[in-house]
Protein chains: 4
Amino acid sequence: MHNVRPLPQYLVSRFHGWKATNYEDNSAWYRHLARNGQHPRAMVISCCDSRVHVTSIFGADTGEFFIHRNIANLVPAYAPDGLQHGTSAAVEYAVMALKVAHVIVVGHTSCGGVAGCHAMCSGQAPELEEKSSFIGRWMDILRPGYERIKELPFEEQIGALERQATLISIENLMTFPFVRDAVESGQMTLHALVHDISEGSLWQAEDGGRRWVAV
Amino acid sequence: MHNVRPLPQYLVSRFHGWKATNYEDNSAWYRHLARNGQHPRAMVISCCDSRVHVTSIFGADTGEFFIHRNIANLVPAYAPDGLQHGTSAAVEYAVMALKVAHVIVVGHTSCGGVAGCHAMCSGQAPELEEKSSFIGRWMDILRPGYERIKELPFEEQIGALERQATLISIENLMTFPFVRDAVESGQMTLHALVHDISEGSLWQAEDGGRRWVAV
Amino acid sequence: MHNVRPLPQYLVSRFHGWKATNYEDNSAWYRHLARNGQHPRAMVISCCDSRVHVTSIFGADTGEFFIHRNIANLVPAYAPDGLQHGTSAAVEYAVMALKVAHVIVVGHTSCGGVAGCHAMCSGQAPELEEKSSFIGRWMDILRPGYERIKELPFEEQIGALERQATLISIENLMTFPFVRDAVESGQMTLHALVHDISEGSLWQAEDGGRRWVAV
Amino acid sequence: MHNVRPLPQYLVSRFHGWKATNYEDNSAWYRHLARNGQHPRAMVISCCDSRVHVTSIFGADTGEFFIHRNIANLVPAYAPDGLQHGTSAAVEYAVMALKVAHVIVVGHTSCGGVAGCHAMCSGQAPELEEKSSFIGRWMDILRPGYERIKELPFEEQIGALERQATLISIENLMTFPFVRDAVESGQMTLHALVHDISEGSLWQAEDGGRRWVAV
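Every value quoted in this text rests on a predicted model; they were computed, and no experiment measured them.

Trainee: What is the right way to read the pattern of salt bridges from this model?
Mentor: Within the structure shown, the criterion is met by 56 salt bridges over all chains. Close ionic contact of A:Glu184 with A:Arg180 constitutes a salt bridge, the shortest N to O distance being 2.8 Å. Of the two residues, A:Glu184 and A:Arg180 are both situated in helix H8 (residues 177-184); the distance of 4 residues between them amounts to about one turn of the helix. Of the residues examined, A:Arg180 reaches a relative accessible area of 36% and is grouped as partly exposed. Through salt bridges with shared partners, one network takes in A:Arg41, A:Asp61, A:Glu64, B:Arg14, C:Arg14, D:Arg41, D:Asp61 and D:Glu64.

What follows is the structure, encoded as structure tokens:
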């Protein structure tokens, strides 16, 4: 296992700059967080996409959001089968251990994962149908969303599927008994958002996703 | 599916503030990213923990890092079994679609997931052994790491296990054929780091993890 | 005196956001307030607790409430002894200079100061009895309230003492000659409230505090 | 003690509106805060003035700031004399019980307390010199600040004294042993700001207050 390499110099330099400035100015807060543990108010589930920055758009400080990021901000349905479910583990930790007050699913425009799912479901990407395609199998979570939008005019389908990626995740979250309990007892709320990375706008689901309104 | 709720007002206010300042100042770049797609230079795999902020410590701009965050920054071994593997899908997308130059695994001190794994493996947390524990099953990935550190003096074990969480992930990354190919052909490098969230320091693995040195 | 440090970056960002939105939209009103002085209709005395937000629960605008916040929303008795009395100074300014129409004392549930007073008075917190304990000496104001509630069933005592914290303050306010004059001449009214931060409810004293009714 | 009166109807109406909207939307978070206690990151010391809204300018949510408000945002020097010191009690609670990472003193322009202090110290307000003047005795805390600015051109004196009100408070904070310990051991930082309520700008002290720069 000799495959780890030294960090590129430009990252070393930037880290040293951060240490001498941001860390110096905020070390009291960072030490406080290390000593007293995290108390994030919300879990955010967003995409790995490098253009999505939820801490920035919400002015969030270190310690404020517990953030899980995966391809297309998806949550699978509850499946206590003893297998490895990284997203379900993150949800369990946020709800059961941290007792967050909100779970916020943040989708975004120009999502490569959603585009891949659309291509796969519409027969344009047979390679994603293969058993060995991790991306394809992961995007299977969104197949029920494709069924709901496939009759829309073609040019509306991708946008609608990006919104479905957040709604399907909310539906799947509700299949977890501990999520349902927390929501139904008023301990936790769920939120579905789509961030338009080009226009900088933010849309949120209303009426269970039948309408989307600008925040 | 009527469980989605409006965003808390303070997040709405902060978003409007971001839109009027950060977005206004950078809209050309955001539109460029939306139009031309993302070209991140690295994939970062870090923990969901609210105290870990890799874009901050590396001064990273929007568009620079493709970021996957899960509990304890773990990567499972390659398993093309047709099941859902969110982490493997993220790795596949980063390496095959985005062709990132680096995969950087960033662990951290005070990791709740690692502490849970240590408790489970040392017999202190039987509830994590249950089939229905998503956290327990996810932390199974780190069991081989526990075997390597369990003979250390007790007070050194947690720190050593936090480092193992990054080394095991690097080892597992190398079981993916497309990762191995990219590494061995010199297209991509792997990096294992541990961020001390209290001291603000950053440690990196050398000699395949036999030594850890301050960056 | 080199102990002042730069503001954390996330607060700087949020302030710039506020400036570009809230300030831009309301600058006429803010300039008006700066030019013509404040004319608040009420003085609010509430706790420093981060969970108490009287401007929010009363939909109050900038300029509407003159707000004094201290531990457990207490007002000491009138004592013109030439020493420093921050709360008395605030009351004097509100009544004599601003001529507010109401003084509203807002207590709250889960008050750490009240809990400390209860522990001190019931012999559970000797450290608060020490001369050097600022919290203990401040909570001495509430000792007469403890005498009134100490015979209640134990599980009712804390809630009753939280209500006493507002009633004792009203009683002490009436020992200030200028407060008594304003009340007795019908220029000003006094109000005692307790906000339940969990249930979001608001209770107000009636019959001089013999009954508490939901607002 | 029959002096408590029912809340004015317009405040009752607004409260009911808040309950039906803001509380309904955020009850999960408020219940979380009630159940798990407050973990504010900072203590803010600001003026009672109705035109100063620190939660607004910093986009702060319920639970984020522990806020003490008194006339002219003053902190007296450490005086463990067994008397009642409301401000010192608030500082003790924030630092010792809540272990906040920052204490932020926020002064403001057009401050009536500072103007009164200036009038008193320059001989224009003999009534404030009287033993029975709570405002005068409270503003005595700022007298050392007047000594530093009294040779400035007259039109600069009030602004300079507003800045001194924050600097004197920082100096006095450092006379508290537990504040000094927390600052010197890197557990807590101190910040001095002045908010211009007309222009919406925010200035912060640098170099121990020798320079003030726009945030």
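Trainee: I would appreciate a short explanation of the interface of chain D and chain C in the present structure.
Mentor: Many authors give the size of an interface as the accessible area that is lost as the parts come together. At the interface, 101 residues of chain D touch 102 residues of chain C. Three residues stand out in chain D for area buried against chain C, namely D:Arg51, D:Gln84 and D:Phe134, and they jointly supply 9% of the buried area on that side. There are 4 salt bridges connecting chain D and chain C. The residue D:Arg14 makes a salt bridge to C:Glu64 at a minimum N-O spacing of 2.6 Å. Summed over the shared surface of chain D and chain C, the result is 38 residue pairs in polar contact (both at pLDDT 80 or more). The element best represented in the side of chain D that touches chain C is helix H1 (residues 9-36) of chain D, accounting for 14 residues.

Trainee: Quick question: what am I supposed to make of the relation of the copies chain D and chain C here?
Mentor: There are two copies of the chain, and a rotation about an axis plus a shift along that axis relates them. If you rotate chain D by 180° and push it 0.0 Å along the axis, it lands on chain C with an RMSD of 0.1 Å. The operation mapping one copy onto its partner corresponds to a two-fold rotation axis. Among all residues of chain D, the minimum C-alpha distance to the rotation axis is found for D:Arg69, at 2.5 Å. Of all interface residues in chain D, 100% are interface residues in chain C too; the two copies therefore contact each other through one and the same surface.

Trainee: What exactly am I supposed to notice about the relation of the copies chain B and chain A here?
Mentor: The two copies are related by a screw operation: chain B maps onto chain A through 180° of rotation and 0.0 Å of translation along the axis, at an RMSD of 0.1 Å. Here 99% of the contact residues of chain B are again contact residues in chain A; the copies associate through an equivalent surface.

Trainee: Help me understand the interface of chain B and chain A in this model?
Mentor: The interface of chain B with chain A comprises 102 residues on the first partner and 101 residues on the second. Taken together, the two surfaces of chain B and chain A that pack against each other cover about 8,800 Å², and 62% of this comes from carbon and sulfur. Where chain B meets chain A, there are 4 salt bridges. Across the chain B-chain A interface, the total number found is 40 residue pairs in polar contact (both at pLDDT 80 or more). The class makeup of the residues in the side of chain B that touches chain A is 49 nonpolar, 35 polar and 18 charged.

Criteria and thresholds
Residues numbered from 1 in each chain as written. Chains lettered and ligands numbered in written order. Predicted model: local features only at pLDDT ≥ 70, side-chain atom pairs only at ≥ 80, totals over all residues. Heavy atoms only, no water. Salt bridge = Lys/Arg side-chain N within 4 Å of Asp/Glu carboxyl O. Helix = DSSP H or I, 4+ residues; strand = E, 2+ residues; numbered from the N terminus. Buried < 20%, exposed > 50% of the residue type's maximum accessible area, 1.4 Å probe, protein only. Contact = heavy atoms within 4.5 Å. Buried area = accessible area lost by both parts, 1.4 Å probe. Polar contact = N/O pair within 3.5 Å; in protein donor to acceptor, adjacent residues only side chain to side chain. Least-squares fit on C-alpha atoms with pLDDT ≥ 70 in both. Nonpolar A, V, L, I, M, F, W, Y, C, P; charged D, E, K, R; others polar.

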